[in-house]
Amino acid sequence: MAPTKQPDHRTDRHPFLLSVEDVANQLGVSIETGLTARKVAELQQTCPPNELVGGGGIAWYKILIKQISNAMILVLFFAMALSFGVGDMVEGGVLAAVIVLNCSIGFYQEFQAEQKMESLRALSSPSAAVLRDGKVDVIPSAEVVPGDIVILKTGDTVPADLRLFETMNLYCDEKSLTGEAEPVEKTTESNIIIPGTEKLATEEGEVGIGDRFNMAYSTTTVTKGRGRGIVSSTGMATEVGKIAASTTRKQRKAGRSMNYKKYGKSQPIKGLSRRIYDFVGKFLGLTEGTPLQRKLSKLAYILLGCAILLAIVVFGVNKFHVTDEVAIYAISTGIAIIPESLIAVLTITMVVGMTVMRKANVVVRDLSALEALGGVTNICSDKTGTLTQGAMIVKKVWLPKVGIYTVNNSMDPNDPTQGTVSKARDSAPMPAKTEETIDYDQQRSAVALKFDIPAEKALKDQQSGTQTSTEEDAVLGPNLEPFLEAVALCNLATVKLEHVEGGDEKKWQTTGEPTEIALQVFAHRFARGKKQFLAQGWKQVAEFPFDSSIKRMSVVYHPPGGKPSMVFTKGAVERILDFCTTIGTGSNNEPINDELKKHIMDQMDVLAGQGQRVLAVAAKVWDGIFHLEKGKGSDDELRAEVEQDLTFVGLVGIYDPPRDETKGSIRECSEAGIKVHMLTGDHPATATAIAKEIGIIPRNMGQLSPDVANAIVQKATDFDKMTEAEIDALPELPLVIARCAPDTKTRMIEALRRRGKFMAMTGDGVNDAPSLSSADVGIAMGLAGSDVAKGAAKIVLTDDKFDSIVAAIREGRRMFSNIQKFILHLLSSNVGEVILLIAGLGFQDGTGFSVFPLSPLQILWINMITSSFPAFGLGKEKASFDIMRRPPHNIKWGVFTPQIMVDMMVYGVIMGTITLLTFVIIIYGVNDGNLGHDCNRFYSDDCKPVFRARATVFAELTWLILISAWEYKSIRRSMFSLDPNSESRFPLFKDVYENKFLFWAVVIGALSVFPAVYIPGLNTVVFKHIGITWEWGLAFGAVILFVFGIEVWKYIKRTYHLFEEGEEDVNTDRRKLRLRQGFFTMAKSRTSSIGSMSRRNTERSADGNSIHEKVADIGRMGSTPTTRSLLNKQETRTDRSADEQV
């Protein structure tokens, strides 16, 4: 067990006063390799977790108060008080037990849910990149220990107090700690000056924490640059921990102040009223919680009002002559309308939903996201690492007047020794041959497809071979050297050949962004990696990090031998080309002109058209030795000076293959009525090629009307220039936006919202935080995402995969559907009970008192025992076969859709009518209307007919409620044919047994009727009924009649298409559709996962044929399916909105 007291793992003086070497020695760490695993284990045993004490989840007593203040519990409290007041100790005692049981279950489940939410939030809480045993690991911030080497980059939250020993343009936002409004630039030197003097600081108290520039503090964020530091303090020993230990802050909502001097004389009254409103709303659950929880709280109080109204009705029928019997009847009607187990069932369903999503690599940070996922109509996703694998490999390098370098047969993005590099002479991009009657490359994306190449073209490719006579093996030369210098040095990634842990085998290990890893790996193919250049004496003196708004990065280096400094820049081609005045290196250098720029852009289009991400590389020789003078001009001014008059060096094409599962997930979204938009920073041609390959847009855009074809693929610059009116006038919002900036995402969200859409937005960078927080469902990337992005999102993907988003939506829909099912189950039975009891007011005995058909404890038994467990079972139902073939649910209605409300009334009326008729048959048909005397309280021979009728109604209603749970497994399909794909002639038993919890809840609940009816004392004293004989036949007959009634209503809904507005819209949309995403090609690309490519020789398909055999079969086909054959014919356009067309 971790200690609670911070042990002494500190330096002899504050780290900001010591040199880096002193800090490292005193903490026992190497700045080159970090802590060893053994040292980390020792520190974790003696150091508390790197967490701040306090905060956490909701206190247990607040959860308990919340349970007691629930409207449904208040009704039971009122009923219990009345029962004790009229002297019915048995009923009062049972009600007290029910209250304790219900509150205990609710408290336990909600407490468990809070703990689970805390653990899930911990999974998505700020993480830290640490260097341990020479390897970079990403760990939860709570696991950081003193002495850890932490690596910081833009967007990170500093996990602990650090003594920095490496900084590159590093700025931290410390206003939450020091109040400093501007980000603070960090240094590594230990020569900290006492403010206001020129003396070096020698004691901790001489310099405030805001002036210790070589320290980075826990919970502050990195706004720019990168750096590394040694952890000096963790947890409560950090500066922010010291503040947390001495103060606790509570932030009050705006407008709650009572300061009349500041806000006026009326403010105390306004502030007090708002505080009272907040307290009452919070106490009653009406102003806090998820939308569904607030809606159910409102429902509870509506039902409370109905219960009071029904009690008044009971009193009114009895002319307000309120005797004990009248009060008991009022209690019965009040209890009947309250679904006592609803909150507990909802809580359990939420917990199950969170657990299932966690297994699907989805961490829910906000419970409201669970409810919102089922209503998502549009997904705006990034491309790299989400739709694609993020495992990038340099495929092409083009150097002006030198040639094209091609990487062949490389499948491992980390191994520079795998594959070969060939070189072909430079030539102008070749236009498509006019002799071909069909332009295959125009119709197909040419993204190195294997399964979707027309047979004629495949044959020509085989005849031509993979290498032409103009290609030769690439060698390192003076023309290639400058390019390798630029891509290796303007790069933060590392590539190392290291021993695998626990063995003698060496393996290539990489760290950094996938794009930079690809560039570094290419440089290593020629033994010109960054490490080799640094060993030669190159020294970095400045860095201008990549910025998504300008899409480029630059560094400045001092070369060895005292030569002039060098500037290296890489980034988007258009952005780099604007700053270039010359092109080529060495003897090939010449001034750049419009013709050469066009040649560069044409070459870029060729690479981008092959699905490659294209970057430009540039360099320049600085005039003399570069000196970074602090305080001279702003960073933007210095950057502008560094990045002007560049020399264009070359283009590099990087291929990132789509994930295997992406196309299937997009197809599933299309069937579910969800559109997928790809918002990427890539070139339009690259984005278009990948979008075609995974099915976001059709390969043959000619199948679309011109205005739709022009609208669905746009550059961010064009989209951002449009006014809101122009965007709203588009026939279809863009499905692909290239060169996307963070502001573009926000505009896309606003455009979707104006069209009434409900969107999910993915993001990973710091600048994505506004769009993540403003989207209906913000989804952050857990692997590549920044801490700021994770904090702004409601959901975090731990694997960054697009199909995890689809899995989350599928689970959200399943949970939403199940909530509807158990709400229908609970409330329809309440409607039936109320109908029975209100009609029962007419059954008056000789003294004029109403005889209730169900006793209060029978109602409690039915609501708490009979209904609860089947409701739990419905909450655990698997997703139905068509869960992703339905349209998204209407967010406006939520779970209480018109269909649910009508079903609740129809089934409740059927249930209430059948049970009422049963009571009438026994009392008036068999016993001549004998209602006895005082049969609401005591048993006598005179009450025998009433007690028998009551027992029959109790058994019957129990069975009706239980059997309805099986019927509600599908709200529209027959219970006897829940799965249309089943080949069984009578699949009922198989279908109902599939959910074993629900099955046994129904069976055991049905059998529990017999002891409840026959156990002496329990039946007459508690339940107010006695054993029955022939009446069982009525109960069985009622079950058959009830099932028949439900089946008839379901048949009517299916036949007359009632409550199918959403489904009809989607079906009509599909019939008229020009854009069925995921269905544009059924072919599979050759670019399956890189990891699986090496296994293809032995991989077998499901029918026993190898993949290569299937390729051969496809190669023998005369033709492949065209886009036209997979789409419906284009119909004449009408003035329908774009969303109806697409």
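Since the structure is predicted, the reported quantities are computational estimates derived from the model, not experimental observations.

Rules of the game
Residues numbered from 1 in each chain as written. Predicted model: local features only at pLDDT ≥ 70, side-chain atom pairs only at ≥ 80, totals over all residues. Heavy atoms only, no water. Helix = DSSP H or I, 4+ residues; strand = E, 2+ residues; numbered from the N terminus. Buried < 20%, exposed > 50% of the residue type's maximum accessible area, 1.4 Å probe, protein only. Contact = heavy atoms within 4.5 Å. Areas by Shrake-Rupley, 256 points an atom, 1.4 Å probe, with all protein chains shown as cover. Salt bridge = Lys/Arg side-chain N within 4 Å of Asp/Glu carboxyl O. Phe/Tyr/Trp six-rings, centres within 6.5 Å; stacked < 30°, edge-to-face > 60°. Lys NZ or Arg CZ within 6 Å of the ring centre and 35° of its normal. Axes fitted to C-alpha atoms, helices over the stretch in contact; angles between N-to-C directions. Parallel < 35°, antiparallel > 145°, perpendicular 65-115°, else oblique. Left-handed = near helix turned anticlockwise from the far one by under 90°. Nonpolar A, V, L, I, M, F, W, Y, C, P; charged D, E, K, R; others polar. Lys, Arg positive; Asp, Glu negative; His and termini not counted. Polar contact = N/O pair within 3.5 Å; in protein donor to acceptor, adjacent residues only side chain to side chain. Pairing = 2+ DSSP bridges. Expected span 1.5 Å × (residues − 1). Core = buried A, V, L, I, M, F, W, Y, C linked by side-chain atoms within 4.5 Å. Domains from an automatic or database assignment. Disulfide = S-S within 2.5 Å.

Trainee: Teacher, can you tell me more about the overall build of the protein chain here?
Mentor: Counting its secondary structure elements, the protein chain contains 44 helices and 28 strands. By residue count, 53% of the 1142 residues in the protein chain fall in the buried class. Within the protein chain, contacts between residues at least 6 apart in sequence are counted, and of these 72% link residues at least 24 apart. Split by element, the accessible area of the protein chain, about 50200 Å² in all, is 57% carbon and sulfur.

Trainee: Would you mind showing me how to read the pattern of salt bridges here?
Mentor: Should the charged atoms of two oppositely charged side chains come close, the side chains can pair. Taken as a whole and assessed by the stated rule, the structure comprises 29 salt bridges. Between Glu 42 and Arg 38 there is a salt bridge, and its shortest N-O distance comes to 4.0 Å. Placement of both Glu 42 and Arg 38 in helix α2 (residues 37-46) is noted, with a separation of four residues, approximately one turn of the helix. Taking relative accessible area as the criterion, Arg 38 reaches 68% and is therefore assigned exposed. The network of salt bridges with common partners includes Glu 166, Arg 226, Arg 228 and Glu 543.

Trainee: Please explain the packing of aromatic side chains as it appears in this structure.
Mentor: How two aromatic rings sit relative to each other is set out by the distance from centre to centre and by the angle between their planes. In this structure the tally under the stated criterion is 25 aromatic pairs. Pairing Phe 533 with Trp 538 gives two aromatic rings, centres 6.2 Å apart and planes at 85°, and the pair type is edge-to-face. Classification of Phe 533 as buried rests on a relative accessible area of 1%. Taking the relative accessible area as the measure of exposure, Trp 538 reaches 8% and is therefore buried. An aromatic cluster is defined as three or more aromatic residues linked by ring pairs; in this entry it consists of Trp 959, Phe 1010, Tyr 1014, Trp 1032 and Phe 1036. Directly above the ring of Phe 997 sits Lys 876, whose terminal nitrogen or CZ lies 4.8 Å from the centroid. The ring of Phe 947 is capped by Arg 950, whose NZ or CZ atom sits 5.3 Å from the centre of that ring.

Trainee: Explanation requested: the packing of helix α32 (residues 868-875) against helix α36 (residues 996-1007) in the structure shown.
Mentor: The relative placement of two packed helices is expressed as an angle between their axes plus a distance between the axes. Where α32 contacts α36, the axes come no closer than 8 Å and their chain directions differ by 165°. Taken as axis vectors, α32 and α36 run roughly antiparallel relative to one another. As for how α32 packs across α36, the hand of that crossing is left-handed. Touching Phe 869, Pro 870, Phe 872, Gly 873 and Leu 874 of α32 are Phe 997, Leu 998 and Ala 1001, all from α36. Across the contact of α32 with α36, the residue classes break down as seven nonpolar, one polar and no charged.

Trainee: Would you explain unusual backbone geometry in this entry?
Mentor: One non-glycine residue, Ala 527, lies in the positive phi region at around 55°. Within the element layout of this structure, Ala 527 appears in the loop between α17 (514-524) and α18 (530-536). Phi is positive for Asp 800, close to 65°, though the residue is something other than glycine. Note that Asp 800 resides in the loop between β28 (795-797) and α30 (802-839).

Trainee: Help me understand the packing of helix α11 (residues 324-337) against α30 in this model?
Mentor: Close contact between α11 and α30 brings their axes to 8 Å; oriented N to C, the two are set at 160°. Between α11 and α30, the interaxial angle falls into the category roughly antiparallel. Here α11 runs over α30; the crossing is left-handed. Of the residues in α30, those touching α11 at Tyr 329, Ser 332, Thr 333, Ala 336 and Ile 337 are Asn 830, Glu 833, Val 834 and Leu 837. The residue makeup of the contact of α11 with α30, split by class, is five nonpolar, three polar and one charged.

Trainee: Could you clarify how one ought to interpret the side chain of Asp 800 in this entry?
Mentor: This buried residue, Asp 800, is left without a salt bridge; Arg 659 holds the nearest opposite charge, at 6.3 Å. Here Gly 782 takes part through its backbone nitrogen, which lies 2.9 Å from a polar atom of the side chain of Asp 800. In contact with Asp 800, other than residues within four places in its own chain, are Gly 385, Thr 386, Arg 659, Met 781, Gly 782, Leu 783 and Ala 784.

Trainee: Explain the side chain of Asp 156 here, please?
Mentor: One can find Asp 156 in the loop between β3 (149-153) and β4 (161-173). A residue is classified by how much of its surface remains accessible, and Asp 156, at 8% relative accessible area, is buried. Among residues more than four places away in sequence, those in contact with Asp 156 are Ile 151, Thr 220, Thr 221, Val 222 and Asp 787.

Trainee: It is not clear to me how the sheet that holds strand β23 (residues 675-679) should be interpreted in this structure. Could you clarify?
Mentor: An order of β8-β28-β27-β26-β9-β23-β25-β24 is seen for the eight strands of this open sheet, with the pairing classed as mixed. Looking at which strands have only one partner, the edges of the open sheet turn out to be β8 (362-364) and β24 (713-715). Pairs of neighbouring strands in the sheet enclose a mean axial angle of 20°, with direction left out of account. As defined by bridge partners, β24 adjoins strand β25 (residues 736-738) across three bridges and the pair is classed as parallel.

Trainee: Honestly, helix α31 (residues 856-866) in this entry has me stumped. Any pointers?
Mentor: Each α-helix turn comprises 3.6 residues. Residues three or four places apart therefore point the same way. Extensive coverage of α31 is indicated by the burial of nine of its eleven residues. Where α31 is concerned, the buried positions are Pro 856, Leu 857, Gln 858, Ile 859, Leu 860, Ile 862, Asn 863, Met 864 and Thr 866.

Trainee: Sorry if this is basic, but what is going on with helix α27 (residues 742-754) here?
Mentor: Along its 13 residues, α27 runs 19 Å from first to last C-alpha, staying within 8% of the 18 Å computed at 1.5 Å per residue. All buried positions along α27 are accounted for by Pro 742, Thr 744, Lys 745, Arg 747, Met 748, Ile 749, Ala 751 and Leu 752. Looking one or two places after α27, you find Gly 756, whose phi comes out positive at around 75°.

Trainee: It is not clear to me how the pairing of strand β27 (residues 777-781) should be interpreted in this structure. Could you clarify?
Mentor: The side chains of a regular strand alternate between the sheet's two faces. Burial of β27 is extensive: five of the five residues sit out of reach of the surface. With burial as the criterion, each face of β27 is covered, one bearing Val 777, Ile 779 and Met 781 and the other bearing Gly 778 and Ala 780. Here strand β26 (residues 759-763) pairs with β27 via four bridges, running parallel. Among the inter-strand pairings, Gly 763 is bridged to a residue of β27, identified as Ala 780. Inspection of the sheet shows β27 paired to β28 by three bridges, in the parallel sense.

Trainee: It is not clear to me how the nonpolar core should be interpreted in this structure. Could you clarify?
Mentor: Generally speaking, soluble globular proteins have nonpolar side chains that are buried together. Ranked by size, the top nonpolar core spans 160 residues in total, and within it Ile 696, Val 777, Phe 802, Phe 822, Ile 823 and Leu 854 carry the most contacts. Considering each element in turn, this core owes the most residues, 17 residues, to α30. When residues are assigned to domains, this core turns out to be shared by domain 2 (337-354 + 810-976 + 985-1058) and domain 3 (362-389 + 658-800), each giving three or more. Sequence-distant contacts of Leu 854, defined by excluding residues within four places in its chain, comprise Ser 332, Leu 836, Leu 837, Ile 859, Ile 862, Arg 950, Val 953, Phe 954 and Leu 957.

Trainee: Explain the state of the cysteines to me, please; I cannot follow it from the model alone.
Mentor: Any covalent bond linking the sulfur atoms of two cysteines counts as a disulfide. Under the counting rule described, the total for this entry stands at one disulfide. Covalently, Cys 935 is tied to Cys 943 through a disulfide, its sulfur atoms 2.0 Å apart. Across the S-S bond linking Cys 935 and Cys 943, the dihedral sits near -90°, which makes this disulfide left-handed. Classification of Cys 935 as buried rests on a relative accessible area of 1%. Judged by relative accessible area, which is 0%, Cys 943 ranks as buried.

So far we have only geometry, and geometry alone does not tell us how the molecule works.
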